[in-house]
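Descriptive structure summary
Below are the chains, spelled out letter by letter.
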Amino acid sequence: MMSEPPLLQVTELKKHFPLSTGPTRWLSPKQKAQAMHAVDGVTLSINPGESVGLVGESGCGKSTLIRLIARLLEPTSGKIRFNHKSIDQIPVSMFSRSPYRAELQMVFQDHTDSLNPRCTAFDTITEPIKRLGPNHSRSSLQARAAELAQLVGLPTELLSRFPHQLSGGQKARVGIARAIALNPKLLILDEPTSALDVSVQAVILRLLVDLKQQLNMSYLFISHDLNVIRLLCDRILVMYLGKLVETGPASTIFNHPHHPYTQALISAIPSFAATPHHIPLTGEPRSPINPNPNICRLYGRCPKGDDHCQQVQPELQTIKEDHQVACHYPTEPA
């Protein structure tokens, strides 16, 4: 029996930001070619109904990667195939009017900045329907807004309010309601609870779990809080300086990490253990500007690094079923 094809398939995706933005006629060819490699050859897939977590320290390229997938940025190269269609062929300027925009939605990190201060909650939630949905009347929009408000736990009497009249949790619910208004197949969540109080975070996370089950969506979830990723995600992608360094089921990544960087991330999770075992990564991160393709990105910080690591960059290799590691010396921590 053939398995269902991935909902999202990303292949060798790259985004390089040129550093020379001014006049270049006085610059040498080497200077003209300088670029920051924010995303550098990422390959990943997400299956229908699957929740995938993307983790890594600030500056590793997570936000750039999800903006490429959401078609908010043009890639330097690579392929993005979504729901059996190569959407990388659709220009970013036209994707907002594409029918695929309805199926691929995003919940942003800052719920205040992502809401138009001049629009009520009703206007914000129904805007995607007006732009991309079928013909609609005022009554049908009101009915759909009330239905979405109920789904996300937002009192319908708040639909007439503006963002400054809503609490942080209420604004988060408006942003989520807007994102699910057209029943997307994939929802990208960029740290959707990081700006909220801890008590509100728990409620919003529970809401996201319930919505995924009710609407049968797939999630691509970014968070610096690894406990949030553990709660919500089936599979984990670990990213470092523009590349994926380890991927696998959530239980495997958290309980049996094999890449030194993943081990350091997991060891940093707050613990009640009397003697928590933190794994430090000393030294400075390598520069993302024109990185040497023959050197491991973690070299210089990795406790296992040797001469081989600065001669051959490791690629993702399968070490167990569904578990891949990009390391010359992958071992489970003691």
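Here goes a summary of the coordinates provided. (Residues numbered from 1 in each chain as written. Predicted model: local features only at pLDDT ≥ 70, side-chain atom pairs only at ≥ 80, totals over all residues. Heavy atoms only, no water.)

Let us now look at the overall build of the chain. Looking only at helices and strands, one finds 11 helices and 12 strands in the chain. Principal-axis analysis of the C-alpha atoms gives the chain an extent of 70 × 60 × 50 Å. By residue count, 47% of the 334 residues in the chain fall in the buried class. Residue pairs at least 24 apart in sequence account for 65% of intrachain contacts in the chain once pairs closer than 6 positions are excluded. Carbon and sulfur atoms make up 52% of the accessible area of the chain, which totals about 16800 Å². (Helix = DSSP H or I, 4+ residues; strand = E, 2+ residues; numbered from the N terminus. Buried < 20%, exposed > 50% of the residue type's maximum accessible area, 1.4 Å probe, protein only. Contact = heavy atoms within 4.5 Å. Areas by Shrake-Rupley, 256 points an atom, 1.4 Å probe, with all protein chains shown as cover.)

Attention now goes to the pairing of strand β1 (residues 8-18). For a regular strand, side-chain orientation follows a simple rule: the groups alternate between the two sheet faces. With five bridges connecting them, β1 and strand β4 (residues 77-82) associate as antiparallel partners. Residue pairing across strands places K14 opposite S77, the latter belonging to β4. Examined bridge by bridge, β1 and strand β2 (residues 35-46) share nine bridges and lie antiparallel to one another. By the bridge assignment for β2, H16 is matched with H37. (Pairing = 2+ DSSP bridges.)

Below, the discussion takes up the packing of helix α6 (residues 138-152) against helix α7 (residues 168-180). For the pair α6 and α7, the least separation of the axes is 9 Å and the interaxial angle reads 125 degrees. By the angle between their axes, α6 is oblique relative to α7. The two elements α6 and α7 cross, and the hand of that crossing is right-handed. For the pair α6 and α7, the contacting residues are R144, L148, L151 and V152 in the first and R173, I176, A177 and I180 in the second. Residues that form the contact of α6 with α7 fall into these classes: six nonpolar, no polar and two charged. (Axes fitted to C-alpha atoms, helices over the stretch in contact; angles between N-to-C directions. Parallel < 35°, antiparallel > 145°, perpendicular 65-115°, else oblique. Left-handed = near helix turned anticlockwise from the far one by under 90°. Nonpolar A, V, L, I, M, F, W, Y, C, P; charged D, E, K, R; others polar.)

Summed over all chains, the structure comprises two cavities of 30 Å³ or more. In this structure, the largest cavity spans a volume of roughly 80 Å³. Along its surface, the largest cavity is lined by 13 residues, and C296, C302, C309, C327 and H328 are the ones closest to its centre. In the lining of the largest cavity, the residues fall into nine nonpolar, three polar and one charged. In this structure, the second largest cavity spans a volume of roughly 30 Å³. Only α9 (226-232), β9 (235-240), α10 (250-255) and α11 (260-267) provide two or more residues apiece to the lining of the second largest cavity. (1 Å grid on protein atoms, 1.4 Å probe; cavity = no way out; pocket = protein on both sides within 12 Å on 5 of 7 lines; lining within 4 Å. Points joined across faces, edges and corners; volume = space filled by probe spheres on them.)

Taken as a whole and assessed by the stated rule, the structure comprises one aromatic pair. A ring pair is formed by Y240 and Y261, whose centres lie 4.6 Å apart and whose planes are at 55 degrees; its orientation type is tilted. Note that Y240 is positioned in strand β9 and Y261 in helix α11, a separation of 21 residues in sequence. The exposure class of Y240 is buried, given its relative accessible area of 2%. Over the ring of F254 we find R230; its NZ or CZ atom is 4.4 Å from the centre of that ring. (Phe/Tyr/Trp six-rings, centres within 6.5 Å; stacked < 30°, edge-to-face > 60°. Lys NZ or Arg CZ within 6 Å of the ring centre and 35° of its normal.)

A separate point is the packing of helix α5 (residues 121-132) against α7. Two measures define how a pair of helices packs: the angle their axes make with one another and the distance between the axes. With their axes 7 Å apart at the nearest point, α5 and α7 run at an angle of 25 degrees to one another. By the angle between their axes, α5 is roughly parallel relative to α7. Judged by the sense of rotation from one axis to the other, the crossing of α5 with α7 is right-handed. Counted together, A121, T124, I125 and P128 of α5 and V174, A177 and R178 of α7 form the full contact between these two elements. Its residues assigned to classes, the contact of α5 with α7 shows five nonpolar, one polar and one charged.

Spatially, β6-β7-β8-β3-β9-β10-β12-β11 is the arrangement adopted by the eight strands of the open sheet, whose pairing is mixed. The outermost strands of the open sheet, each flanked by one partner alone, are β6 (104-107) and β11 (317-320). Averaged over all adjacent pairs, the angle separating strand axes in this sheet is 25 degrees, with direction ignored. Direction of pairing for β9 relative to strand β10 (residues 243-249): antiparallel, over a ladder of six bridges. Bridge pairing in β10 links Y240 to K243.

What follows concerns the nonpolar core. Counting 60 residues, the largest nonpolar core has F221 and I236 as the members making the most contacts within it. Setting aside residues no more than four positions away along its own chain, F221 makes contact with V52, G53, L54, L189, P192, L205, L208, V228, I229, L232 and C233. Among the nonpolar cores identified, the runner-up in size contains 31 residues, and I80, I90, F95 and Y100 belong to it. (Core = buried A, V, L, I, M, F, W, Y, C linked by side-chain atoms within 4.5 Å.)

The next point concerns a nonpolar patch on the surface. A cluster of nonpolar side chains, L19, M36 and I289, forms an exposed patch at the surface whose accessible area comes to about 220 Å². You can see M36 is positioned in strand β2. (Patch = residues over 30% accessible without salt bridge, like charges linked within 9 Å, V, L, I, M, F, W, Y side chains within 5 Å. Salt bridge = Lys/Arg side-chain N within 4 Å of Asp/Glu carboxyl O.)

This part is about the sheet that holds β4. With antiparallel pairing, the four strands of this open sheet are ordered in space as β2-β1-β4-β5. Looking at strand neighbours, the two that pair on one side only are β2 and β5 (85-86), the edges of this open sheet. Pairing analysis gives two bridges linking β4 to β5, with the strands arranged antiparallel. Each bridged residue has a counterpart across the sheet, and for F82 the counterpart in β5 is K85. Here helix α2 (residues 62-69) sits on the sheet in contact with β1, β2 and β4, set at roughly 120 degrees to β1.

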